[in-house]
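A closer look at the structure
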Amino acid sequence: MAYRALTEQEAVEYVKEIPGLFSEGAELTSHEIGDGNLNLVFDIQEPATGKSVIVKQALPFARVVGESWPLTIDRARIESEALRIQHKYVPDLVPQVYHFDGELALTVMENVGDHIIMRKGLIEGKRYPLFAKQIGRFLAQTLFFTSDLGAHPYDKKALVGTFINPELCKITEDLVFTDPYENAPTNDFNPLIRREVEAIWNNRPLKLEIAKLKYDFLTRSEALLHGDLHTGSIFITENSFKAIDPEFAYYGPIGFDIGAVIANLLLNYAGQHGLQKDQGEREAYREYLLETVEDVWNEFVSQFVQLWHKHAKERSAHVEGLWQSYVKRLIQDTAGFAGCKILRRVIGLAGVADLNAIEDDQTRAEAERLALSIGEALILGRGGIDESTDITDIVRTVTERYYQEATTV
């Protein structure tokens, strides 16, 4: 079947032809629910039984911009294969893939409709007591077993080739590491923070550190990354967790995925300035977010190091002192990448609802300035970070200074 974008009814007819998915003659409903930047997403339901699936189809352009931004549909293959690999290591934390069609660039997968997007939950002030353990296990398992530490060298190198993802990597290279730090046409920021944005454009030490981080992103093929692991790519309940949308998957530096998770927790932290009006509630929720940042790192590194000691295939991995050196570099990478992801979401294309949901422009600008200060401090201070508490100490220090300066203006 030649490629074409499906309608809701065509999506129904398509899944009816997949053996074993629904019973013969099933009455199905279809709703296009995609609210992301790139794809069509159909929710296919059988009301009589409650059974449902998701059909996700890649469009040949970036949906957030339109047909003026053409984009490869091979990203559907990348996503499907990444989900299958992740499901192999953490089957309870990733939707199951039932079917993939390369011609139509679509994947049929498990529907986790009883979950909500984590970003929405955080904006509403919800707490997720199991999240740190779940994301820590997801990161440790998927990153370790696809790296040179946990994979046979032949298998790892074959996977690097499988996940060459140049077009979507270029989006990250531009939107995370390049455009926000110069007067690029893709930038989209609140005019009230223009002075702070221009200061970043002229901050030579900051731009040097970002350039170093970009070079690491370009050259270090450490493990199979999700590639876009933000709180909008996580479905969650109080008890359950599902990582979705790994179409940006490629082989890159491990700290990039961990940094993306931490960045999005900190974007919500900054957004609390306008999301929560009660000061006591705001401070309590911010403490919860910072505790979660610490727990995410600590859970990841604990499980990752355990896997290292039990399963490392690379002989040099057992040289005394290597794992400690590796982990120290990794947390510094994590902090730097987190800072870049924060700055990018404030300045560049496709911001985050944690900030954009703040209705008053001036209040939103205040939250955005705090986010920019946190992102800069993480990038410039990453060389002095040894523990997760060093990250949260930076955030607390920046926040305290920010409000002190605000009261003296």
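The chain goes by Methylthioribose kinase in an unreviewed UniProt entry, where it is assigned to Brevibacillus fortis. Quoted verbatim from the Catalytic activity (unreviewed entry) field of the UniProt record, the comment on the chain reads "5-(methylsulfanyl)-D-ribose + ATP = 5-(methylsulfanyl)-alpha-D-ribose 1-phosphate + ADP + H(+)".

What to know about the overall build of the chain
Looking only at helices and strands, the chain has 14 helices and 12 strands in total. The C-alpha radius of gyration computed for the chain amounts to 21 Å, which stays within 12% of the reference 22 Å derived for 409 residues, consistent with globular compactness. On the principal axes, the C-alpha backbone points of the chain span a range of 70 × 55 × 40 Å. Counting the 409 residues in the chain, one finds 56% classified as buried. At a minimum sequence separation of 6, the contacts of the chain that also span at least 24 residues come to 72%. For the chain, the accessible surface area stands at approximately 17,700 Å², while carbon and sulfur atoms represent 50% of it. Taking the 42 positively charged and 62 negatively charged side chains of the chain as two groups, their mean positions are separated by 4 Å.

Structural notes on the domain arrangement of the chain
Splitting the chain by domain gives domain 1 (8–110) and domain 2 (116–407). Taking only C-alpha atoms into account, the centre of domain 1 sits 27 Å from that of domain 2. At the interface, 26 residues of domain 1 touch 29 residues of domain 2. Summing both sides of the interface, domain 1 and domain 2 together bury roughly 2,300 Å²; the carbon and sulfur share of this comes to 66%. Considering only the side of domain 1, the residues that lose the most area to domain 2 are Ile-78, Tyr-89 and Leu-93, jointly responsible for 27% of the buried surface there. At the boundary of domain 1 and domain 2, one finds 5 salt bridges. Taken together, the links from domain 1 to domain 2 amount to 8 residue pairs in polar contact (both at pLDDT 80 or more).

Considering the sheet that holds strand β1 (residues 29–32)
With antiparallel pairing, the 5 strands of this open sheet are ordered in space as β1-β2-β3-β7-β6. Unpaired on one side and paired on the other, β1 and β6 (97–101) mark the two borders of the sheet. Here the strands of the sheet are splayed against their neighbours by 20° on average, with no regard to which way each runs. Of the strand pairs in this sheet, strand β2 (residues 39–46) and strand β3 (residues 51–58) are connected by 8 bridges, and their pairing is antiparallel. From the neighbouring strand, Val-41 faces β3, where its bridge partner is Lys-56.

Regarding the packing of helix α11 (residues 322–347) against helix α13 (residues 361–381)
At a minimum axis distance of 7 Å, the contact between α11 and α13 shows a crossing angle of 150°. As judged from the angle between their axes, α11 and α13 are roughly antiparallel. With respect to the hand of their crossing, α11 and α13 are arranged in left-handed fashion. On α13, the residues touching Ala-335, Gly-336, Ala-338, Gly-339, Cys-340, Ile-342, Leu-343, Val-346 and Ile-347 of α11 are Glu-368, Ala-371, Leu-372, Ile-374, Gly-375, Glu-376, Leu-378 and Ile-379. The residue makeup of the contact of α11 with α13, split by class, is 12 nonpolar, 3 polar and 2 charged.

A short note on the sheet that holds strand β10 (residues 234–236)
Strand order in the open sheet formed by 3 strands is β8-β10-β11, and the pairing between neighbours is antiparallel. Both edges of this open sheet fall to β8 (116–117) and β11 (241–243), since each of them pairs with a single strand only. Bridge count between β8 and β10: 2 bridges; the pairing is antiparallel. Across the sheet, the residue bridging to Ile-117 is Phe-235, located in β10. Where helix α4 (residues 131–144) meets the sheet, it contacts β10 and β11, and its direction lies at approximately 35° from that of β11.

A closer look at helix α9 (residues 255–275)
Since the α-helix advances by 3.6 residues per turn, residues separated by three or four positions end up pointing in the same direction. Compared with an ideal rise of 1.5 Å per residue, which puts 21 residues at 30 Å, α9 spans 29 Å between its outermost C-alpha atoms and is within 8% of the ideal. Summarising burial for α9: 20 of the 21 residues are buried, a large majority.

Here we look at the packing of aromatic side chains
Summed over all chains, the structure comprises 19 aromatic pairs. Ring centres of Phe-144 and Phe-304 lie 5.7 Å apart, and the angle between their planes is 85°; this geometry places the pair in the edge-to-face category. Remark: Phe-304 occurs in helix α10 (residues 279–311) and Phe-144 occurs in helix α4; sequence separation between them is 160 residues. In terms of burial, Phe-144 and Phe-304 fall into one category: buried.

Concerning unusual backbone geometry
Of note, the phi angle at Asp-245 is positive, near 60°, even though the residue is not glycine. Summarising the element assignment, Asp-245 is placed in the loop between β11 and β12 (250–252).

Brief notes about the side chain of Asp-216
Topologically, Asp-216 is positioned in helix α8 (residues 204–219). Setting aside chain neighbours within four positions, we find Asp-216 in contact with Pro-253 and Phe-337.

Thresholds, definitions, all that
- By convention here, each chain's residues receive numbers from 1 onward along its written sequence.
- Only residues with pLDDT of 70 or above have their local features reported here, since the model is predicted, and side-chain atom pairs are shown and tallied only from 80 upward, although totals for entire chains, interfaces and linings are computed over all residues.
- To get the side-chain values, take all heavy atoms of the structure and skip hydrogens and water.
- UniProt positions are given in the numbering used here, feature names are shortened, and annotations may be inferred rather than shown by experiment.
- Secondary structure elements are taken from DSSP: a helix is a run of H or I of four residues or more, a strand is a run of E of two residues or more, and numbering for both begins at the N terminus.
- The reference for a compact globule is 2.2 Å times residues^0.38; the radius of gyration itself is calculated from the C-alpha atoms.
- Residue exposure (1.4 Å probe, protein chains only): buried if accessible area is under 20% of the type maximum, exposed if over 50%, otherwise partly exposed.
- We call two residues in contact whenever any of their non-hydrogen atoms come within 4.5 Å of each other.
- Surface accessibility in these figures is a Shrake-Rupley result with a 1.4 Å probe; residues are shielded only by whichever protein chains are displayed.
- In this tally, Lys and Arg are treated as positive and Asp and Glu as negative; His is ignored, and so are the chain termini.
- Throughout, a charge is located at the NZ atom of Lys, the CZ atom of Arg, the CG atom of Asp or the CD atom of Glu.
- An automatic or database domain assignment supplies the start and end points of every domain.
- Buried area is a sum: the accessible area each of two parts loses on coming together, probed at 1.4 Å, counted once for each and added.
- Salt bridges, as used here, are contacts in which a Lys or Arg side-chain nitrogen is within 4 Å of a carboxyl oxygen on Asp or Glu.
- Throughout this description, a polar contact denotes any pair of N or O atoms lying within 3.5 Å of each other; where both atoms belong to protein, one of them has to be capable of donating a hydrogen while the other can accept it, and for residues adjacent in sequence the pair is counted only when both atoms sit in side chains.
- Strand pairing is assigned whenever DSSP identifies at least 2 bridges connecting the two strands.
- Angles shown run from 0 to 180 degrees and are taken between the N-to-C directions of axes, each axis being a line fitted to C-alpha atoms and, for helices, limited to the stretch in contact.
- Any angle between 65 and 115 degrees counts as roughly perpendicular, while under 35 counts as roughly parallel, over 145 as roughly antiparallel, and the rest as oblique.
- In a left-handed crossing the near helix is turned counterclockwise from the far helix by less than a right angle, and in a right-handed crossing that turn is clockwise.
- Under the scheme applied, nonpolar residues are Ala, Val, Leu, Ile, Met, Phe, Trp, Tyr, Cys and Pro; charged residues are Asp, Glu, Lys and Arg; polar residues are all the others, including Gly.
- What a helix should span is 1.5 Å times the count of its residues minus one.
- Here the aromatic set is Phe, Tyr and Trp, taking the six-membered ring for Trp, and pairing holds for ring centres within 6.5 Å; pairs whose planes are under 30 degrees apart are stacked, those over 60 apart are edge-to-face, and all others are tilted.

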